[in-house]
Amino acid sequence: DDDDINDVASMAGVNLSEESARIMAANSDLVGTQIQSCKDEPFLAAVPLHKRILETAKKLGITDVPAEVVTFISHATQSRLRTVIEKVTVITQHRMESYKDDEWYEQATDVRSQLKFFEQLERLEKQRKDEQEREILLKAAKSRSRQEDPEQARLKQKAKEMQQQELAQMRQRDANLTALAAIGPRKKRKLDSPGLLTIGGEGLSTSGGSQAGLGTPSSRQYARQKITRVNLRDFIFYMEQEPETCRSLLLYRALLK
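Residues numbered from 1 in each chain as written. Predicted model: local features only at pLDDT ≥ 70, side-chain atom pairs only at ≥ 80, totals over all residues. Heavy atoms only, no water.

1. Some points on the overall build of the chain
Within the chain, the regular secondary structure consists of 8 helices and 2 strands. Buried residues in the chain amount to 13% of all 257 residues. In the chain, 37% of the contacts between residues at least 6 apart in sequence involve partners at least 24 apart. Surface summary for the chain: the accessible area is close to 23300 Å², and the carbon and sulfur share equals 54%. (Helix = DSSP H or I, 4+ residues; strand = E, 2+ residues; numbered from the N terminus. Buried < 20%, exposed > 50% of the residue type's maximum accessible area, 1.4 Å probe, protein only. Contact = heavy atoms within 4.5 Å. Areas by Shrake-Rupley, 256 points an atom, 1.4 Å probe, with all protein chains shown as cover.)

Set out below in structure tokens:
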């Protein structure tokens, strides 16, 4: 049989010894190595989880639970938690998306501008009412009638309190202006270097070389990691979409919060 194989290989123009030497030379780093599986580390603590499983199993008439069941439940919990986090993260990222700069979308309504307009109207209306009340109080304070009723006396007293309050505000404003004039103009620190990073009031250079007067000679660039913040609203939306939790008691408790 070996002779027949050699004959077929020689007929095809293949030298088996050369091919074997070439394979051994290409995979020389793998020869003699031993491959073994990694240690299976459970996601949850084994002892408390085993105790909890035994307590639940005894209610169903099961007295013995092997360690493989604990490991399997631990891995299943890890996989389930990873799936939940991935889905909730996608929901949060969709919520944080902004379509203001997208050319395929145009803004139909601006609720924020409308609310600001209504707030400005309320502010103007309140200012107008305050001006009217101030004029009434000033007229009551300037009246010189000898026979004054209790309402007129109350208006005079209120006008006097208003004038005192305005005088105190003017004094406070003048005191603030005097203090600012004594301190002098506040100078803002100019960041001339494009690689300057301010942390805790100290200048740190993020460029290649060290610069004098920047607090430290060592240069280190601090990369800010993007953080996705998930709130309760995102998690409620996730539970409403999932068939396992759309009718669960946990969803109803979350909705009541």
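2. Focus: the packing of aromatic side chains
For the structure shown, the criterion picks out 2 aromatic pairs. Taking 5.9 Å as the distance between ring centres and 40° as the angle between the ring planes, the aromatic pair formed by Phe235 and Tyr238 counts as tilted. Linking Phe235 with Tyr238, this pair stays in helix H7 (residues 232-241), spanning 3 residues, or about one helical turn. For Phe235, a relative accessible area of 30% corresponds to the partly exposed category. (Phe/Tyr/Trp six-rings, centres within 6.5 Å; stacked < 30°, edge-to-face > 60°.)

3. Considerations on the environment of Lys158
Positionally, Lys158 belongs in helix H6 (residues 150-183). Between the C-alpha atom of Lys158 and that of Arg134, which follows or precedes it by 24 residues, the distance is 9.8 Å. Not counting the four nearest positions on each side in its chain, Lys158 is found in contact with Glu133 and Leu137.

4. Quick look at H7
The set of residues buried in H7 consists of Asp234, Ile236, Tyr238 and Met239. Check the buried side of H7 and you find it contacts helix H4 (67-96) and helix H8 (249-256).

5. Some remarks on the packing of H7 against H8
With their axes 10 Å apart at the nearest point, H7 and H8 run at an angle of 145° to one another. As H7 packs across H8, the resulting crossing turns out to be left-handed. In this structure, H7 uses Leu232, Ile236, Met239 and Glu240 to contact H8, whose residues at the interface are Leu250, Leu251, Ala254 and Leu255. (Axes fitted to C-alpha atoms, helices over the stretch in contact; angles between N-to-C directions. Left-handed = near helix turned anticlockwise from the far one by under 90°.)

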